[in-house]
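What follows is the residue order along each chain.
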Amino acid sequence: MSHTTTGTEPAQPPPEDDRAFFGQPRGLMTLSGLEVWERFSFLGMQAILVLYFADTVANGGLGMDPGTAASVSAAYGTLVYLVSVAGGWLADRILGSYRAVLYGGILIACGHYAMAVPTATMTWVGLGLISAGTGLLKPNVASMVGKLYRTEDERRDAGFALYYMAINIGAFAGPLITGWLGDHAGWHWGFSAAAFGMTLGLIQYVLGRRHLAGRKHSAEFALAPKPMRRAVLMIVAGAVLVAVVATALALAGWLTMDRFVDVLTVISVIAPVVYFVVMFRSPRVTAEERGRLRPYVVLFLASVVFNFILFQAYSTMMLLASTNARTEIFGFHFPASWYASALGAFEVALAPVVATVWARMGPRQPHASNKIAFGVILGGLSFLLMVLPTSGHADDSYKMAAWWIVGSYLLLGLGDVLLETSGMSATTKLAPKAFASQTMALWFLSLALANGIQAQIVKLYGEVSNPAYFGVNGAVAVVAGVAVIAAAPWLKRTMHPVH
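Residues numbered from 1 in each chain as written. Predicted model: local features only at pLDDT ≥ 70, side-chain atom pairs only at ≥ 80, totals over all residues. Heavy atoms only, no water.

A few points about the overall build of the chain
Each helix and strand in the chain was counted, giving 17 helices and four strands. Within the chain, the fraction of its 499 residues that count as buried is 50%. Look at the contacts in the chain between residues 6 or more apart in sequence, and 81% of them connect residues 24 or more apart. (Helix = DSSP H or I, 4+ residues; strand = E, 2+ residues; numbered from the N terminus. Buried < 20%, exposed > 50% of the residue type's maximum accessible area, 1.4 Å probe, protein only. Contact = heavy atoms within 4.5 Å.)

This is how it looks when you write it as structure tokens:
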């Protein structure tokens, strides 16, 4: 590895770092540690966010009806993933990955501290800051992990496996802490815990910066000075203009919460359509690459269907758990938001099992499109399972056993392990070379679209019966998964080099 210097510090980590963390580069521990705390704060907050929205004002909540609470929570997710598309570009062209992640983490921490202030205004300010910060941090941490390895380094896949395990450890721990505080001390104490967690992540990130490859470099594809100044001015001016127009429309009574949610949904639909049209029509995309884009559209839509179900683990499923599920196991009482931790726990446990199964099957393992299809079907089954305990009741005062929610999350967690790993791999292999650096943006657009659709559909939660809501959504996902399996022969022919 090169050891050129910039200033007085090396641009690359010291040689002894190369196998200092379980045979992996020492920088992997720094980045994994950051992700533990970022997911701790993000998903810890998200596990109680919809409950905070739906709780009464007297109890410190915002007093929204359940459907609106779930819709606003989904709109927040839409905004996060839409901003993530811009975050990748800012890192590539202006900030560089290290600074993008650092500034993003600072914004996230400030957002959580803002949400710790018990006023509705600070809640919205905090969510805006977290959206902007996550958009900067999330797409760039993974690219920094990749920079720790040479292209031919055989440790790369194992390193990413450790990195994704760190993500799920944070996803497991976050709801446990924020949920307990939200239930026993108040929602804003839960948000404070998220702020504290992100602060710890930032501290260890800065302290471990010398172990990160290329951290002294500027943006990898930096704009020339004059275009960069122009881009920065346009970004600042655009942000100010949007803020002024939004404020004016809100004061005039036109920009209501419902309309804001609708605008985000429309953007989440238009953005991927435009992205695909640009790629299909680009003269830089060869005929062969264009042929691989067609099957990718199918996988993109499969991802949207699955994540539409997955993201409801933190919205409608949380609402259902808070009103109609028992919150005790073997006599131990726990907050309803703790159910969200089950999803992270199952993914931590199942990921190595699935990886081992695929390794042992070798060339006999299912095609990537079938793995994705199985994931979508499992997501649908996780909702169909909820039809059983929610049916046959005279009113909504019933309480289902905890194992129903846990079983649903088991199916959902396994589906996520199958789909996310295969989906990300397929994205990197099927994207045209001219758009290779934007593959993460393409993946985030599928997540934004899933949240955008969710923001509309969840408005029906509480308006229709629970068996109908979970049954119809689950059935649609199962049918979508079966359709992908039916298209497998065509997908296998057109997805080369994906196997």
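Some points on the layout of surface pockets
The gaps of empty space that remain are located by a probe, the size of a water molecule, rolled over the atoms. Of the pockets and cavities examined, the second largest pocket occupies roughly 890 Å³. Looking at the second largest pocket, it is lined by 28 residues, and the ones nearest its centre are Val83, Gly238, Ala239, Val242 and Ala243. For the lining of the second largest pocket, the secondary-structure elements that each account for two or more residues are helix 2 (66-95), helix 7 (225-251) and helix 8 (257-281). Looking at the lining of the second largest pocket, the element that brings in the most residues is helix 7, giving 11 residues. For the lining of the second largest pocket, the class distribution of residues is 26 nonpolar, two polar and no charged. (1 Å grid on protein atoms, 1.4 Å probe; cavity = no way out; pocket = protein on both sides within 12 Å on 5 of 7 lines; lining within 4 Å. Points joined across faces, edges and corners; volume = space filled by probe spheres on them. Nonpolar A, V, L, I, M, F, W, Y, C, P; charged D, E, K, R; others polar.)

Examining the packing of helix 2 against helix 4 (residues 120-146)
Across the interface, helix 2 lies against helix 4 with an axial gap of 6 Å and an inter-helix angle of 45 degrees. Our classification of the angle between helix 2 and helix 4 gives oblique. Between helix 2 and helix 4 the crossing geometry is right-handed. Along its contact with helix 2, which presents Val72, Tyr76, Leu79, Val80, Val83, Ser84, Gly87, Gly88, Leu90, Ala91 and Leu95, the element helix 4 presents Trp124, Leu127, Ile130, Ser131, Ala132, Thr134, Gly135, Leu136, Pro139 and Asn140. Class assignment of the residues belonging to the contact of helix 2 with helix 4 gives a composition of 14 nonpolar, seven polar and no charged. (Axes fitted to C-alpha atoms, helices over the stretch in contact; angles between N-to-C directions. Parallel < 35°, antiparallel > 145°, perpendicular 65-115°, else oblique. Left-handed = near helix turned anticlockwise from the far one by under 90°.)

Concerning the nonpolar core
Within the largest apolar cluster, 92 residues are counted, with the highest numbers of intra-cluster contacts made by Met45, Leu49, Tyr339, Ile405 and Tyr409. Dropping the residues within four chain positions of it, tyrosine 339 is found in contact with Met318, Ala321, Ala325, Arg326, Phe334, Ala402, Ile405, Val406 and Tyr409. (Core = buried A, V, L, I, M, F, W, Y, C linked by side-chain atoms within 4.5 Å.)

Regarding helix 11 (residues 339-361)
In this model, helix 11 (23 residues) spans 33 Å end to end at C-alpha, consistent with the 33 Å of a helix rising 1.5 Å per residue. The largest bend in helix 11 comes to about 30 degrees, at leucine 350, with the proline proline 352 one to four residues further on. All of the buried residues in helix 11 are Tyr339, Ala340, Ser341, Ala342, Leu343, Gly344, Glu347, Leu350, Val354 and Trp358. Positive backbone phi, at 55 degrees, marks glycine 362, one or two positions downstream of helix 11. (Expected span 1.5 Å × (residues − 1). Bend = angle between axes of the 7 residues up to and from the residue.)

A few points about helix 12 (residues 368-384)
In this model, helix 12 (17 residues) spans 25 Å end to end at C-alpha, consistent with the 24 Å of a helix rising 1.5 Å per residue. Counting buried residues in helix 12 gives 14 out of 17 residues, a clear majority hidden from the surface.

Let's talk about the side chain of serine 446
Mapped onto the elements of the fold, serine 446 is located in helix 15 (residues 439-457). On the basis of relative accessible area, serine 446 is assigned to the buried category, the value being 0%. At 2.7 Å, the side chain of serine 446 and the backbone oxygen of tryptophan 443 are in polar contact. Among all residues touching serine 446, those that are not within four sequence positions of it are Phe300, Ser303 and Val304. (Polar contact = N/O pair within 3.5 Å; in protein donor to acceptor, adjacent residues only side chain to side chain.)

Here's the deal with the packing of aromatic side chains
For the structure on display, the rule yields 19 aromatic pairs. Each residue in the set Tyr52, Phe53, Trp124 and Phe191 is aromatic and connected to the rest through ring pairs, giving one cluster. (Phe/Tyr/Trp six-rings, centres within 6.5 Å; stacked < 30°, edge-to-face > 60°.)

Examining the packing of helix 2 against helix 3 (residues 97-115)
In the contact formed by helix 2 and helix 3, the axes pass within 8 Å of each other and the chain directions differ by 125 degrees. One way to sum up the angle between helix 2 and helix 3 is to call them oblique. In the packing of helix 2 onto helix 3, the handedness of the crossing is right-handed. Two secondary-structure elements touch here, helix 2 through Ala91, Ile94 and Leu95 and helix 3 through Ser97, Arg99, Ala100 and Tyr103. Residue composition of the contact of helix 2 with helix 3, grouped by class: five nonpolar, one polar and one charged.

Here's the deal with the pattern of salt bridges
This structure, assessed with the given rule, holds four salt bridges. A salt bridge links aspartate 262 to lysine 459; its shortest N-O distance comes to 3.2 Å. Here the residue aspartate 262 occupies a position in helix 8, and lysine 459 occupies one in the loop between helix 15 and helix 16 (466-486), the gap between them amounting to 197 residues. Residue classification places aspartate 262 among the partly exposed residues on the basis of a relative accessible area of 30%. A relative accessible area of 28% means that lysine 459 is categorised as partly exposed. (Salt bridge = Lys/Arg side-chain N within 4 Å of Asp/Glu carboxyl O.)

Notes on the side chain of threonine 265
Structurally, threonine 265 is set in helix 8. A relative accessible area of 11% means that threonine 265 is categorised as buried. If we skip the residues at most four places from it in the chain, threonine 265 touches Gly452, Ala455 and Gln456.

Thoughts on the environment of glycine 60
Structurally, the position occupied by glycine 60 is in the loop between helix 1 (26-54) and helix 2. Each C-alpha atom of the pair glycine 60 and threonine 119 lies 9.1 Å from the other, and the pair is 59 residues apart in sequence. Excluding residues within four positions of it along the chain, glycine 60 makes contact with Tyr52, Trp187 and His188.

Considerations on the confidence of the model for the chain
As a note on interpretation, predicted positions should not be read in detail where pLDDT is low. Summing up the model confidence of the chain, the mean pLDDT is 85 and the portion of residues at 70 or higher is 89%. Predicted confidence is poor over residues 1-10, with pLDDT under 50, and the contacts of this stretch with residues over four places away or in other chains come to 17 contacts. (pLDDT = per-residue confidence, 0-100.)

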